[in-house]
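The primary structure of each chain is shown beneath.
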Amino acid sequence: MTYQFKHPTWPGVSEPVEGADLRVLSLGAGVQSTTLALMAAHGEIGPMPDAAIFADTGWEPEDVYEHLAWLGSGNVLPFPIYRVQAVDLRSQVQGRAEGVEGRFVSIPYFLDHGGMNRRQCTREAKIDPIRREVRRLLGVAKGARATGFSVEQWIGISTDETERMKDARESWITHRWPLIEARMSRGDCLAWCRRHGYPEPPKSACIGCPFRNNARWLDMTRNDPAAFQDAVALDAAMRRNGPANGMRGLEYMHRSCRPLGEIDFEIESGGADFLDECDGVCGT
Ligand code: SF4
């Protein structure tokens, strides 16, 4: 479902769920979800979440893990952060590149004969582990239905990315977008953190995410060269032995289908931000 918020006329689109059994914040430890968590801690958004859940893809930049540790250090947020991990996407990419047997979670890399790979990563590394953790927090037994419960899940989507707002697939989970309710853009989130004396949150997303735009790649080359080198190495490894199992063509991390290490991001122009293409739970 796509929402257009050109004018502030969207009452009822996102609001607290009355009598929710559980309120959870989907924490990516980036700008938007960090601001949401801190605003809740300041009592500026409510009701207070019972918990935040961070789904670890295993391939976030180091500053995201450091920021997460600070958020969870005990005196920042009044609610716990549960960290869950279902897959390690870096190992998945590496294993597939090395021809290891088995099933690999597909990341939507660009294909030299056109198009992109299937995207399974968001669901398998983020959405499903968060849903499983919600079931655990509710005390729902494995295999049992959770349909009698009512869960409010906060997602950190700001007014500049409303196209990412999607309803939950499960009838018992209601997505809520408090930054939309507060009419806050990503810039407003950064300003809010500055105003309250908090450090600027990092940009969250997997190091090798193909939805990163040129500006974000450039930022990585300048501010996290070790992460960029990791992406360059994995990008090259994906093609070293020809097309991966079941693929007709070669895969690239960059939309231009050129090796990442050969691109001069200083002179590359624009390109849609990855956020436009990614499900709401990534990159916040
Ligand atoms: S950040 Fe990118 S690579 Fe990581 S799970 Fe989301 S879409 Fe996939």
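Read on for an overview of the structure. (Residues numbered from 1 in each chain as written. Predicted model: local features only at pLDDT ≥ 70, side-chain atom pairs only at ≥ 80, totals over all residues. Heavy atoms only, no water.)

## Thoughts on the overall build of the chain
- Counting its secondary structure elements, the chain contains eight helices and seven strands.
- Taken over the C-alpha trace, the chain has a radius of gyration of 19 Å; the compact-globule value for 284 residues is 19 Å, and the two agree within 12%.
- When its C-alpha atoms are laid out on the principal axes, the chain stretches across 55 × 45 × 35 Å.
- Expressed as a percentage of the 284 residues in the chain, the buried residues total 53%.
- Entry remark: accessible area of the chain is about 13,000 Å², with carbon and sulfur atoms responsible for 47%.
- In the chain, 33 side chains carry a positive charge and 39 a negative one; their mean positions are 4 Å apart. (Helix = DSSP H or I, 4+ residues; strand = E, 2+ residues; numbered from the N terminus. Rg over C-alpha atoms; globule rule 2.2 N^0.38 Å. Buried < 20%, exposed > 50% of the residue type's maximum accessible area, 1.4 Å probe, protein only. Areas by Shrake-Rupley, 256 points an atom, 1.4 Å probe, with all protein chains shown as cover. Lys, Arg positive; Asp, Glu negative; His and termini not counted. Charge placed at Lys NZ, Arg CZ, Asp CG, Glu CD.)

## Looking at the packing of aromatic side chains
- Counted according to the given criterion, the structure contains six aromatic pairs.
- Centroid distance Trp 192 to Tyr 198: 6.1 Å. Interplanar angle 15°. Geometry classified as stacked.
- According to the relative accessible area criterion, Trp 192 is buried, its value standing at 2%.
- When the centroid spacing of 6.3 Å and the interplanar angle of 70° are considered together, the rings of Trp 217 and Phe 228 count as edge-to-face. With Trp 217 in helix α7 (residues 214-223) and Phe 228 in helix α8 (residues 225-240), this pair connects stretches of sequence that are eleven residues apart. For the pair shown, Trp 217 and Phe 228 are each scored as buried.
- The rings of Trp 70, Trp 192 and Tyr 198 are connected pair by pair, giving a single aromatic cluster.
- A cation over a ring is seen here: Arg 136 above Tyr 82, with NZ or CZ 5.5 Å from the ring centre.
- The aromatic ring of Trp 217 is capped on one face by Arg 212, whose charged end is 5.2 Å from the ring centroid. (Phe/Tyr/Trp six-rings, centres within 6.5 Å; stacked < 30°, edge-to-face > 60°. Lys NZ or Arg CZ within 6 Å of the ring centre and 35° of its normal.)

## Quick word on the packing of α7 against α8
- At a minimum axis distance of 6 Å, the contact between α7 and α8 shows a crossing angle of 120°. The orientation of α7 with respect to α8, classified from their angle, is oblique. Of α8, the residues touching α7 (which contributes Trp 217, Met 220, Thr 221, Arg 222 and Asn 223) are Pro 225, Ala 227, Phe 228 and Ala 231.
- Here the contact of α7 with α8 is composed, by residue class, of six nonpolar, two polar and one charged. (Axes fitted to C-alpha atoms, helices over the stretch in contact; angles between N-to-C directions. Parallel < 35°, antiparallel > 145°, perpendicular 65-115°, else oblique. Contact = heavy atoms within 4.5 Å. Nonpolar A, V, L, I, M, F, W, Y, C, P; charged D, E, K, R; others polar.)

## Re the site of the ligand
- In the neighbourhood of the ligand, eight residues make up the surrounding shell, with Cys 121, Thr 122, Cys 206, Cys 209 and Cys 282 lying closest.
- Taken together, the residues of the shell around the ligand sort by class into seven nonpolar, one polar and no charged. (Near = heavy atom within 4 Å.)

## Describing the pattern of salt bridges
- All told, the structure shown has 16 salt bridges when counted by the stated rule.
- Here Arg 83 and Asp 56 are joined by a salt bridge, their closest N and O atoms 3.1 Å apart. Note that Arg 83 is positioned in strand β3 (residues 81-84) and Asp 56 in the loop between β2 (51-55) and α2 (62-71), a separation of 27 residues in sequence.
- Its relative accessible area of 4% is what places Asp 56 among the buried residues.
- Close ionic contact of Glu 133 with Arg 136 constitutes a salt bridge, the shortest N to O distance being 2.8 Å. Of this pair, Glu 133 and Arg 136 both sit in helix α4 (residues 121-138), three residues apart, which is roughly one turn of that helix.
- Taking the relative accessible area as the measure of exposure, Glu 133 reaches 8% and is therefore buried. (Salt bridge = Lys/Arg side-chain N within 4 Å of Asp/Glu carboxyl O.)

## Looking at α7
- The set of residues buried in α7 consists of Asn 214, Arg 216, Trp 217, Leu 218 and Met 220.
- The inward-facing, buried residues of α7 contact α6 (186-195) and α8.

## Concerning the environment of Ala 231
- As for its position among the elements, Ala 231 is in helix α8.
- Judged by relative accessible area, Ala 231 falls into the buried class, the value being 0%.
- With 141 residues separating them along the chain, Ala 231 and Arg 90 place their C-alpha atoms 9.5 Å apart.
- Discounting chain neighbours no more than four positions away, the residues touching Ala 231 are Ile 207, Trp 217, Met 253 and Leu 260.

## Brief notes about the sheet that holds strand β1 (residues 22-26)
- Read from one edge to the other, the open sheet built from five strands follows the order β3-β2-β1-β5-β6, with strand pairing classed as parallel. Since the sheet does not close on itself, it has two edges, and those belong to β3 and β6 (173-176), each with one partner. Ignoring strand direction, the axes of neighbouring strands in this sheet form an average angle of 30°.
- In the packing of helix α1 (residues 31-41) onto the sheet, contacts are made with β1 and β5 (151-154), and the angle to β1 comes to roughly 140°.
- Sitting on the sheet, α2 is in contact with β2 and β3, with an inclination near 145° to β3. (Pairing = 2+ DSSP bridges.)

The values reported here are purely geometric and, on their own, carry no functional implication.
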